[in-house]
Each structure stands twice: as structure tokens, then as C-alpha cells.
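Fold and contact review
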Amino acid sequence: MKELVEVIAKALVDNPEEVVVTESEKEDEIVIELKVAPTDVGKVIGKQGRIAKAIRSVVKAASSKTEKKVVVEIQ
């Protein structure tokens, strides 16, 4: 999942070298944190959060085989 979010985020931003994706696992969920440059936050979130929602939908679809919930946090 980490690599998927990283590829998507790097394609969206102006500063792909500043994209940092971390993945942590808890009992019943996987948390993926996406950090981008402050100037690129709007590009990753999109108007009314549409791009962020799309990223979360893709990750949810990709994680359907796992039994854990996947949460994407954008910072």
C-alpha cells in the first residue's frame, strides 16, 4: 500500500522529492501517512477533497484482500 500511495502522490505534486510516505500497523488497521511540501498540500487534497477521496478509494480497493482497515492520513 505504501508504494501505491507514494506513486500516486509523486505524480500529483510539483516537488516529488519531498513526498514521504510512512506505514504503521495497529491491531485492526494500517495507517498510511502521506507528507508533502506545504505548497503541494492543495494538489494532493484537491477541490472539496476530491483527490484525497480518490486516493483513499484506490487504496481501499487495493486492500480489499487484507482483513485490516486501511486509513490514509494527509499531512
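Preceding this section is the structure that the text describes.
Residues numbered from 1 in each chain as written. Predicted model: local features only at pLDDT ≥ 70, side-chain atom pairs only at ≥ 80, totals over all residues. Heavy atoms only, no water.

1. Quick word on the nonpolar core
Keep this limit in mind: Only buried residues count toward a nonpolar core, which is a set of Ala, Val, Leu, Ile, Met, Phe, Trp, Tyr and Cys residues joined through side-chain atoms within 4.5 Å. Residue exposure (1.4 Å probe, protein chains only): buried if accessible area is under 20% of the type maximum, exposed if over 50%, otherwise partly exposed. Strands are runs of DSSP state E lasting at least two residues, helices are runs of H or I lasting at least four, and both sets are numbered from the N terminus onward.
Of all hydrophobic cores here, the largest spans 14 residues; its most connected members are Val19, Ile32, Leu34 and Val59. Among the secondary structure elements, those contributing two or more residues to this core are helix H1 (2–12), strand E2 (29–35), helix H3 (50–62) and strand E3 (69–74). No other element matches E2, which puts three residues into this core.

2. Focus: the side chain of Asp40
Test applied: Side-chain atoms alone can form a polar contact between residues adjacent in sequence; in general such a contact is a pair of N or O atoms within 3.5 Å, and within protein one must be able to donate a hydrogen while the other accepts it. Two residues form a contact once any of their heavy atoms are found within 4.5 Å.
Of note, Asp40 is situated in the loop between E2 and helix H2 (41–45). With a relative accessible area of 1%, Asp40 lands in the buried category. In this structure the side chain of Asp40 is engaged in a polar contact, spanning 3.3 Å, whose partner is the backbone nitrogen of Asp14. With residues near it in sequence (within four places) discarded, Asp40 still touches Val13, Asp14 and Asn15.

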